[in-house]
Amino acid sequence: MKKYFTVFLVSWQNEFVYRVNFILWRIRNLLRFSMIYFLWAGIFISNRNVFGYNQPQMLTYVFMVFLMGTLILSAPSSDNIGGEIGNGDISNYLVKPVGYLKYWFIRDIASKSLNILFAIVELFLVWLVLKPQLIIPSSPQIIFGFVTAVLIATCLYYLLSCLVRFIAFWTPENTWGLSFLLLVFVETLAGGIFPLNILPSWIYTFLQFTPFPYLVYFPIAIFTEKIAGWELIRILLQSTGWLVLIFWMTKYTWKRGLVVYQAYGR
Amino acid sequence: MNMSVISVKGLSKYYQVHQKEPGLAGSIKSLFNRKYYDVKAVDNVSFEINEGELVGFIGPNGAGKTTTLKTLSGLLYPTKGEVSVLGHTPWKREPAFQKQFALVMGQKNQLWWDLPAMESFILNREIYEVPKARFEETLSELSDLLEVQDLLKVQVRKLSLGERMKMELIAALIHSPKVLFLDEPTIGLDVVAQKKMRDFIKAYNIKYKATIILTSHYMDDVKELCKRIIIIDKGTKLFDGDLDEIVRKFADHKLLSMVLDKELNRRQIEHLSALGGVKEYAYPKLILQVPRENSNKVAAKLLQSYPVADLNIEESALEDIVREVFTGKDVA
């Protein structure tokens, strides 16, 4: 296990090399957040209730999506997996006693942990300036449920994004565009743009039979106390079920991919 | 006494490749109707390599050298055949096997570009679970041999190609592998750096009794390092044996290389072909290829009836011998 801890440490060092890049990335995230925030704040000037959400509920959602985007809906390092398969760089890992999927997971976690620290500080500053009314959960049960849901969602998104990038084993030429497109879909269906229950109810119902709402929508719903008690437990069990299933699919695809892998680039 | 470390029996690797006609029209056509055909990258190759051997793998581009090395490293699954390296089947990728071998590809890098090479070494130390004391020892040994002690803490991107290759080599050897596959380790290096690299490989081979397979386009690498060579072309093995043997077997010609005083007239040029094959004629330089047993006689004749200022009798270059093997002389 110690080897993965070293991967974590080296990844952090690597993040620090690109200071300007990192700051620009933070600014980009903050701009995106402000756009969505002011859009919803504007809508609530003339409306008290939109799609069944009042202002504090919606603004809390927007704040939380900002955090979830950093923590869950991003693959800052493992973005490279498709490219590495395509150009053969993955060979470097395959000859070593190191798990490729674990390796990139740790590298993502390293990058995400750094980003989340900054995101929390940024949100706190924004909150100080704008002083919006937010919903903060109080019961330890809710907080525990939320943290569990977030951990599951983080793993789930990682596996899903790997699964998408493994397409490169079969079509090494053009995976970037395809995986980008697929992941935008995933982000939207996960509730990363707007809360899913503002969609027509048949779509919302349908989405519950997919793994996507477990990524962002349900964790935030738990945080804002829309889901509690037995329903909370049911949601956590279902997301665990998805995690196990997607894990198995990813492993299977990985093994099949390695058989067709041709170690390009000489 | 000799134990075979690498054993390859009837190894074949076929690829399915689709053919695209040139141009955009061809691209569009290939979207709908793809013609596939099998490329035999490696076809029924067998060999055994013993502990401590340093074997040169030679062949033109696309001969199947790299494919063979990739299969031996466990990167590729073979289409047919059996492979055993250190008693393991490579493509099962067992950690016990991976801890004992290394693959170095001259054009691939594993070092972290933005960090000093030392960080990559430390990461490899953890990945290969090398004890700290042994790591320090190996590192100081390798960096002494390669003369890079001062560069360990310099960002990799700021190193020259030669320095980087040395670091790559250290990263690959930090776990003291018993089996080493070197794919073009001297590619792109200048003459001095090539020499350094060769000396190092030789020293490593002797010191650690390491079994090494080396591919290279530079015949100097092979000549200096390898006692035994395996020649493959178009996926099949053409020759497997001592380097000396191939020179004896195929170098049945010698080269007469001359510097002329005067340009040859037409009659003299015509007459040359009766003496031997003209390899090169660019006044004042003339190189003739003549059968080994005739070389003295022909040389005497040339000195007598041609305006020769200087004449040397030389062995064919290894490059030429190998080329002859490739162009279809019967080898078996």
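Rules used in this analysis
- One numbering rule holds for all chains: residues counted from 1, following each sequence as written.
- All chains are assigned letters beginning with A, and all ligands numbers beginning with 1, in the order in which they are written.
- Totals for whole chains, interfaces and linings use all residues, but because this is a predicted model, local features are given only for residues with pLDDT of at least 70 and pairs of side-chain atoms are given and counted only at 80 or more.
- Residues are treated as contacting if the C-beta atoms built from their backbones sit within 7 Å of each other.
- What counts as a helix is a DSSP run of H or I of at least four residues, what counts as a strand is a run of E of at least two, and both are numbered from the N terminus.
- Three categories are distinguished: nonpolar for Ala, Val, Leu, Ile, Met, Phe, Trp, Tyr, Cys and Pro, charged for Asp, Glu, Lys and Arg, and polar for the others, with Gly belonging to the last.
- Strand pairing follows a simple DSSP-based rule, namely that at least 2 bridges must link the two strands.
- Between N-to-C directions, angles cover 0 to 180 degrees, with each direction set by a line fitted to C-alpha atoms, over the stretch in contact for helices.
- Domain start and stop positions are those given by an automatic or database domain assignment.
- Field definition: a residue is buried when 20 or more other C-beta atoms are found within 10 Å of its C-beta, exposed when 12 or fewer are, and partly exposed for counts in between, with C-beta atoms placed from the backbone.
- By the criterion used throughout, a crossover qualifies as right-handed when its path from the first strand across the helix to the second strand runs clockwise, the strands pointing away from the viewer.

Attention shifts here to the interface of chain B and chain A. On the chain A side, the residues contacting the 26 residues of chain B number 21 residues. Of all the secondary structure elements, the ones that give two or more residues to the side of chain B that touches chain A are helix 2 (65-73), helix 3 (95-98), strand 5 (101-105) and helix 4 (117-127) of chain B. At five residues, the largest contribution of residues to the side of chain B that touches chain A is made by helix 4 of chain B. Here the residues of the side of chain B that touches chain A are counted per class, giving 13 nonpolar, six polar and seven charged.

Below, the discussion takes up the sheet that holds strand 13 (residues 308-315) of chain B. Residue and element names in this part refer to chain B. Read across the sheet, four strands follow the order 11-12-10-13 without closing on themselves; strand pairing throughout is antiparallel. Looking at strand neighbours, the two that pair on one side only are strand 11 (277-282) and strand 13, the edges of this open sheet. When the angles between neighbouring strand axes are averaged without regard to direction, this sheet yields 15°. Alignment of strand 11 against strand 12 (residues 285-291), held across five bridges, turns out to be antiparallel. Its bridge partner being in strand 12, Y281 is matched across the sheet by L286. Docked against the sheet, helix 11 (residues 295-305) engages strand 10 (253-260), strand 12 and strand 13, running at close to 170° with respect to strand 13.

A few words now on the domain arrangement of chain B. When the domains of chain B are assigned, the result is domain 1 (4-248) and domain 2 (252-315). Computed from C-alpha atoms alone, the centre-to-centre distance between domain 1 of chain B and domain 2 of chain B is 42 Å.

As a further point, take the sheet that holds strand 1 (residues 4-19) of chain B. All names here are of chain B. Here three strands make up an open sheet; going across it, the order is 2-1-4 and the pairing antiparallel. Either end of the sheet is taken by a strand with one partner, and the two such strands are strand 2 (35-50) and strand 4 (80-85). Each strand axis lies, on average, 25° off the axis of its neighbour in the sheet, ignoring direction. Across 12 bridges, the pairing between strand 1 and strand 2 is antiparallel. Each residue of the ladder has a partner; that of I6, found in strand 2, is I49.

Okay, the pairing of strand 6 (residues 179-183) of chain B next. All names here are of chain B. Among the five residues of strand 6, five are classified as buried, and the element is accordingly described as predominantly covered. The alternating pattern of strand 6 places V179, F181 and D183 and L180 and L182 on opposite faces, both of which are buried. Of the pairings in the sheet, the one linking strand 5 to strand 6 comprises five bridges and is parallel in character. Considered in strand 6, the bridge of L103 is made with F181. Sheet topology places strand 6 next to strand 7 (residues 211-215); five bridges connect them, and they run parallel. Looking at the pairing, V179 lines up with T211 of strand 7. Between strand 6 and its parallel partner strand 7, the chain crosses via helix 7 (residues 191-207), and the hand of that crossover is right-handed.

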